[in-house]
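Geometric and topological summary
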Amino acid sequence: MNFQRELIARLSQANGRLKRDKIRVTIIDMRGLLSLQATLPPLPSETERKQRKIALGLPLSLDGISRAEKRARLLGRSLREGSFDWSDWRQNQKRTAQGNTLREWIERYEANYWQRRPKNPKTLTTWRYDYRKVFDRLTLSDDLTPEALLRAVLATEPDSRTRQRTVRVLSQLARFADLDIDLRPYQGNYSIHQAAPRDLPTDDEIVAIAQKISNPSWRWAYGLIAAYGLRPHEIFHARFYHAPQLDILDGKTNSRIAYPLLPKWFDLWQLDRTDCPNCTGRNNTDLGSRVTHAFKRYDVPFAPYYLRHAWAVRAIGRLDVSLAAQQLGHSVETHTKVYQHWIGAEIHRAAWERLKNSKILP
């Protein structure tokens, strides 16, 4: 860690020397690889100068910084003298010496990804379902080019979650490779607002369906999700240390606590008598799938996440939004973005009645 700080200091010193010498080029660190940044002449297909990055293929090291500073001075001199020619720098952008196929770039990106993140069930699930699913749709023997990435994006359904994920992941790969392409205009208008269920079960329906689940362990799991708004896999990470407070020790987000919005459900399903289903899974996605399959097996007419959504909507007007967000394991921003559009006339009316009866109004 101290050596890393020393490298950052050396990089800052190199940029300081360039600025002192009035060389309008900056050396930047792009996830462990060095690039030059400057306002450059237009490409042959363009008409205006713009700020760009030129990848050097040099690592963030003492030798890499020294060599990058020499390249920065060379670039600065060519800009000052008017001798800049894109053909002198495009080979550096392609990094052909290191390999430029999609397979090679993805391998480098994955290696860098695990240098920045610990390997655990949570991060492995993210890599498998967010990144690997996108990369597996690419023709890995092709070169990494703007055209190849754009083809992959346009092969997905517009305004879909898949399109949005593909744009996000391939944009990260492009930034890592210093590839000059902006995929954001193609990401579309997908949002969870469109995908989230609108026909949530009522409280009475939730209770009635629970009574039909014959297996005590799965009835307990159903009740825990409904009462506390858990993600399906979180039932396997939940503990009662101070009931009815529920401690969620792990899951998609950090540990947190939650309470039942309807205390009567805690007693109705005797949730403190823990009877968790005996399931195993390699990761949280596998555990969540066990819950989904159990719901289907016991003819529950909706997916487990409907119970979580119902908890969130139930909390509107009853629980401060910051507390509701924390108990669901959301940021306030995410919580309001996802659920506030479900505020209907009945919720407004109930809030008005509480306000009227609270004697706050004159």
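Preceding this paragraph is the structure being described.
A short tour of the structure in this document, coming up. By convention here, each chain's residues receive numbers from 1 onward along its written sequence. Only residues with pLDDT of at least 70 get local features here, since the model is predicted, and only at 80 or more are side-chain atom pairs given and counted; chain-wide, interface and lining totals rely on the full set of residues. Hydrogens are left out, water is left out, and the side-chain values use all remaining heavy atoms of the structure.

Take helix α7 (residues 161-176) next. Look at α7: 23 Å from first C-alpha to last across 16 residues, which is about the 22 Å you get at 1.5 Å a residue. We call two residues in contact when some of their heavy atoms are within 4.5 Å. Here a strand is any run of E in DSSP of at least two residues, a helix any run of H or I of at least four, and the numbering for each starts at the N terminus. Elements that come into contact with the buried residues of α7 comprise β2 (33-40), α4 (102-116), α5 (121-135) and α6 (146-154). D178 occupies a position one or two residues after α7 and carries a positive phi of about 55°. By this rule the span expected of a helix is its residue count minus one, scaled by 1.5 Å.

Residue burial is assigned from relative accessible area. The probe radius is 1.4 Å, only protein chains are included, and a residue is buried under 20% of its type maximum, exposed over 50%, and partly exposed in between. Judged by which residues are buried, strand β5 (residues 245-248) turns out to be covered on both faces: Q245 and D247 on one side and L246 and I248 on the other are all buried. A strand pair is defined by DSSP finding two or more bridges across the two strands. As defined by bridge partners, strand β4 (residues 238-242) adjoins β5 across three bridges and the pair is classed as antiparallel. Each residue of the ladder has a partner; that of A238, found in β5, is I248. Remark: two residues form the turn of the hairpin made by β4 and β5, two consecutive strands paired antiparallel. By the bridge criterion, three bridges tie β5 to strand β6 (residues 256-258) in an arrangement that is antiparallel. For L246, the partnering residue across the bridge sits in β6 and is A258.

We now examine the packing of α5 against α7. Interaxial distance between α5 and α7 falls to 10 Å at its minimum, and their mutual angle equals 80°. Between α5 and α7, the angle is such that the two are roughly perpendicular. Facing Y129, D130, Y131, V134 and F135 of α5, the residues of α7 in contact are R165, T166, R168, V169, L170, Q172 and L173. Of the residues assigned to the contact of α5 with α7, the class counts are seven nonpolar, two polar and three charged. Only the stretch in contact is used when a helix axis is fitted, and all axes are lines through C-alpha atoms; the angle between N-to-C directions ranges over 0 to 180 degrees. Put simply, angles under 35 degrees are roughly parallel, angles over 145 are roughly antiparallel, angles from 65 to 115 are roughly perpendicular, and the rest are oblique. Gly is put with the polar residues, along with every residue not named as nonpolar or charged; the nonpolar set is Ala, Val, Leu, Ile, Met, Phe, Trp, Tyr, Cys and Pro, and the charged set is Asp, Glu, Lys and Arg.

Let's shift gears to the pairing of strand β1 (residues 26-30). Here β1 pairs with β2 via five bridges, running antiparallel. Its bridge partner being in β2, M30 is matched across the sheet by L33. Taken together, β1 and the strand that follows it, β2, pair antiparallel across an intervening segment of two residues, in which R31 is found at a positive phi of about 55°.

Here we come to a positive patch on the surface. A cluster of basic residues, R31, R116, R117 and R175, forms a positive patch at the surface. For R175, the position within the fold is in helix α7. For R175, a relative accessible area of 44% corresponds to the partly exposed category. The patch calculation keeps residues exceeding 30% relative accessible area without a salt bridge and links them within 9 Å when they carry like charges or within 5 Å when they are nonpolar (Val, Leu, Ile, Met, Phe, Trp, Tyr). To measure how exposed things are, a 1.4 Å probe is used in the Shrake-Rupley method; for residues, cover is taken only from the protein chains shown. Any Lys or Arg side-chain nitrogen found within 4 Å of a carboxyl oxygen on Asp or Glu counts as a salt bridge. As used throughout, the charge tally considers Lys and Arg to be positive and Asp and Glu to be negative, leaving His and the chain termini uncounted. To locate a charge, take atom NZ for lysine, CZ for arginine, CG for aspartate or CD for glutamate.

Quick look at the packing of aromatic side chains now. To pair, rings of Phe, Tyr and Trp, with the six-membered ring standing in for Trp, must have centres within 6.5 Å; the planes then decide the type, stacked if under 30 degrees apart, edge-to-face if over 60, and tilted in the middle. Summed over the entire model, instances satisfying the criterion amount to 18 aromatic pairs. An angle of 90° between the planes, with centres 4.9 Å apart, marks the rings of Y113 and W114 as edge-to-face. W114 matches Y113 in its accessibility class, with the two residues each being buried. For R108, the ring lying beneath its charged end belongs to W105, and the centroid distance is 3.9 Å. Only when the NZ atom of a Lys or the CZ atom of an Arg is both within 6 Å of the ring centre and within 35 degrees of the ring normal do we say a charge sits over the ring.

Taken in spatial order, the three strands of this open sheet run β4-β5-β6, and their pairing is antiparallel. At either end of the open sheet lies a strand with only one pairing partner, and these are β4 and β6. Each strand axis lies, on average, 35° off the axis of its neighbour in the sheet, ignoring direction.

In this section: the environment of N120. With respect to the element layout, N120 can be found in the loop between α4 and α5. Along the backbone, N120 and N283 are 163 residues apart, and their C-alpha atoms lie at a distance of 8.9 Å. In the analysis that follows, any N or O atom pair within 3.5 Å is treated as a polar contact, provided that within protein one partner can donate a hydrogen and the other can accept it, and provided that, for residues neighboring in sequence, both atoms belong to side chains. Among the polar contacts made by the side chain of N120, one reaches the main-chain amide nitrogen of T123 at a distance of 2.8 Å.

The three strands are arranged β1-β2-β3 in an open sheet whose pairing can be described as antiparallel. Since the sheet does not close on itself, it has two edges, and those belong to β1 and β3 (50-59), each with one partner. The mean inter-strand angle of the sheet, taken between neighbouring strand axes irrespective of direction, is 35°. Relative to the sheet, helix α2 (residues 62-81) contacts β1, β2 and β3, its axis offset from that of β2 by approximately 15°.

In this text, buried Ala, Val, Leu, Ile, Met, Phe, Trp, Tyr and Cys residues form a nonpolar core when linked through side-chain atoms within 4.5 Å. Core analysis: the largest hydrophobic core is formed by 35 residues, its most contacted members being Y222, L224, Y228, I235, W269 and L271. When residues of this core are traced back to their parent elements, those giving at least two are α9 (203-211), α10 (216-228), β4, β5, α11 (263-268), α12 (284-297) and α13 (304-315). Here the element with the most residues in this core is α10; it accounts for nine residues. Apart from residues no more than four positions distant in its own chain, I235 is found in contact with W218, W220, A221, L224, I225, L230, C276, P277 and V291. If you look at the next biggest cluster of nonpolar residues, it comprises 25 residues, including I106, W114, A148 and A174.

Just distances and angles here, no functional claims.
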